[in-house]
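# Summary of the model geometry
Each chain, written out:
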Amino acid sequence: MFSAIAMMAFSVSSFAETNFVEKKELKNESISEFQENLIATSWGLDRCTILYVSTYNSAIAQGFNSTQAGRIATAAFNECALIENPGPGDRQE
Amino acid sequence: MKNIFIYLILLINFNCLAQVKKIIVDYTLYFAEPNNLTNNERDKIMKGIYKKNGLITYKLYVNDSISYFVDNEGLNSSDLLTSLATNKSLYDTPIFSDLSKKKIYYSNSTNFIFFKKNQYLIEHPVVSNWSISSENKIIDNKVCYKATSIDNYYFHTKDKKIEFEITAWFCPEIPVSAGPVFFNNLPGLILEISYLDVRLYATRIEFIETEKFIKKPEGKTIVNYEEYVILEANKIEEMTKQINSKKN
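Residues numbered from 1 in each chain as written. Chains lettered and ligands numbered in written order. Predicted model: local features only at pLDDT ≥ 70, side-chain atom pairs only at ≥ 80, totals over all residues.

## What to know about the overall build of chain B
- From N to C terminus, chain B includes four helices and twelve strands.
- Partitioning the intrachain contacts of chain B with sequence separation of at least 6 by distance along the chain shows that 59% fall at a separation of at least 24. (Helix = DSSP H or I, 4+ residues; strand = E, 2+ residues; numbered from the N terminus. Contact = placed C-beta atoms within 7 Å.)

Right, here's the structure in full:
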């Protein structure tokens, strides 16, 4: 799981593509709403949250500080949320 | 002798009080790169972070005794490595300093998903044990003096407190007690600072007539830095236990 984040951290090209960045910006609003709903529910431990916690702990174990671990884990969470909560243009019919 | 020197600096400071004290300062971040990185997962990411050396910039807005330190979109970058590099200076979210009250505040980061945005307003300790020396150098045609501070710290994790020294070069000709990140409280603007494995250099100073960029951070609950570190650590421990109990 942490390896996947390391790979993602280096996949500069995937973040540099304009279309991908535009789609991500469009999805940011839905992601923040998704996060709000997630935190608001009393037992919102879905797959993405589990991934966040796991990645956070893994980053700490690897020697990152807590702030860095939060950033790495958030990147994993957002990627997961994109998959779990795709925009209307991404749904497979 | 040292006291006479400090009084001289303060005298220069007072003589400059009538000057404009609305300033925008650009800082650039540099890191010392170790030569013993391996191919483990962490070091692969660190190698990527070190490629951002000299590319991360911040802005410090100063309005008399108020200052606001903010990244130039580094933390909002979609590139994780840029975001991590921006954080190497210990900066996390925009930092508001009230230099007259010796208070430093910032809001909790949304990168810890278990706290809501602006749930906490975190108060950070001010450096109050500067030792000013007579050593000086010219920076940007201004005479700057060296100041050092010991016994500073940050929490790598809740259980790992890292202590560090700071070396700063401040310029009494710019008579504001401001500086980058959490470091200020000297009788002049800090133009260069080094601590841990980083250095911040002021690369541009602009004197302005009006100031519109300073924003006071928000937070529903005020906590100090140590309290916030414990809150985050306890929350992660709690979530980890919940997940592990679900698995069993």
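## Quick word on the overall build of chain A
- Across its full length, chain A carries five helices and zero strands.
- In chain A, the order of α-helices and β-strands from amino to carboxyl end is α-α-α-α-α.
- Restricting the contact set of chain A to residue pairs at least 6 apart, pairs at least 24 apart contribute 65%.

## Describing the nonpolar core
- The biggest cluster of nonpolar side chains holds 70 residues, and the ones touching the most others in it are Y52 of chain A together with A168, F170, L189 and I190 of chain B.
- When neighbours within four sequence positions are excluded, L189 of chain B is seen to be in contact with V25, F170, C171, I174, V176, A178 and G179 of chain B. (Core = buried A, V, L, I, M, F, W, Y, C linked by C-beta atoms within 7 Å. Buried ≥ 20, exposed ≤ 12 C-beta atoms within 10 Å, placed from the backbone.)

## Quick word on unusual backbone geometry
All names here are of chain B.
- One non-glycine residue with positive phi stands out, namely N118, at about 60°.
- Mapped onto the fold, N118 is located in the loop between β5 (103–107) and β6 (120–124).
- The phi angle at D151 is positive, at roughly 60°, despite the residue not being glycine.
- In this structure, D151 sits in strand β8 (residues 142–157).
- What makes D151 exposed here is the crowd of 10 C-beta atoms within 10 Å.

## Points about the sheet that holds strand β3 (residues 66–71) of chain B
All names here are of chain B.
- Sheet architecture is open: twelve strands sit in the order β7-β8-β9-β10-β11-β1-β2-β3-β4-β5-β6-β12, paired in mixed fashion. What marks the edges here is a single partner per strand, and that holds for β7 (131–139) and β12 (221–224). Sheet twist, expressed as the mean angle between neighbouring strand axes with direction ignored, is 25°.
- Pairing analysis gives four bridges linking β6 to β12, with the strands arranged parallel. Considered in β12, the bridge of I122 is made with V223. (Pairing = 2+ DSSP bridges. Axes fitted to C-alpha atoms, helices over the stretch in contact; angles between N-to-C directions.)

## Things to note about the pairing of β7 of chain B
Residues and elements named next belong to chain B.
- Counting buried residues in β7 gives zero out of nine residues, a small share hidden from the surface.
- Note: β7 against β8, six bridges, orientation antiparallel. The partner of S131 across the bridge, within β8, is T148.
- A loop of two residues connects β7 with β8, the two strands running antiparallel in sequence, and D140 in this loop sits at a positive phi of about 55°.

## A word on the environment of A81 of chain A
Residue and element names in this part refer to chain A.
- In this structure, A81 sits in helix α5 (residues 66–84).
- A count of 24 C-beta atoms within 10 Å places A81 in the buried class.
- Residues A81 and C48, spaced 33 residues apart in sequence, show a C-alpha to C-alpha distance of 6.4 Å.

## Quick look at helix α4 (residues 47–61) of chain A
Residues and elements named next belong to chain A.
- Taking 1.5 Å of rise per residue, 15 residues should cover 21 Å, and α4 covers 21 Å from first to last C-alpha, within 8% of that figure.
- All buried positions along α4 are accounted for by C48, T49, L51, Y52, V53, T55, Y56, S58, A59 and I60.
- Where α4 terminates, the next one or two residues include G63, which has phi positive at roughly 110°. (Expected span 1.5 Å × (residues − 1).)

## So, the confidence of the model for chain B
- When the pLDDT values of chain B are averaged, the result is 90; 90% of them are 70 or greater.
- Interface scoring of the predicted complex returns ipTM 0.86; its pTM is 0.81. (pLDDT = per-residue confidence, 0-100.)

## A few points about the environment of K52 of chain B
All names here are of chain B.
- Residue position: K52 is located in the loop between α2 (41–50) and β2 (56–63).
- For K52, a count of 20 C-beta atoms within 10 Å corresponds to the buried category.
- A C-alpha to C-alpha distance of 30 Å links K52 and K212, two positions 160 residues apart in sequence.

## Here we look at the pairing of strand β9 (residues 160–171) of chain B
Residue and element names in this part refer to chain B.
- Relative to β9, β8 runs antiparallel, the two sharing ten bridges. When the sheet's bridge partners are listed, Y154 is paired in β9 with I162.
- A loop of two residues connects β8 with β9, the two strands running antiparallel in sequence.
- Alignment of β9 against strand β10 (residues 189–195), held across six bridges, turns out to be antiparallel. When the sheet's bridge partners are listed, C171 is paired in β10 with L189.

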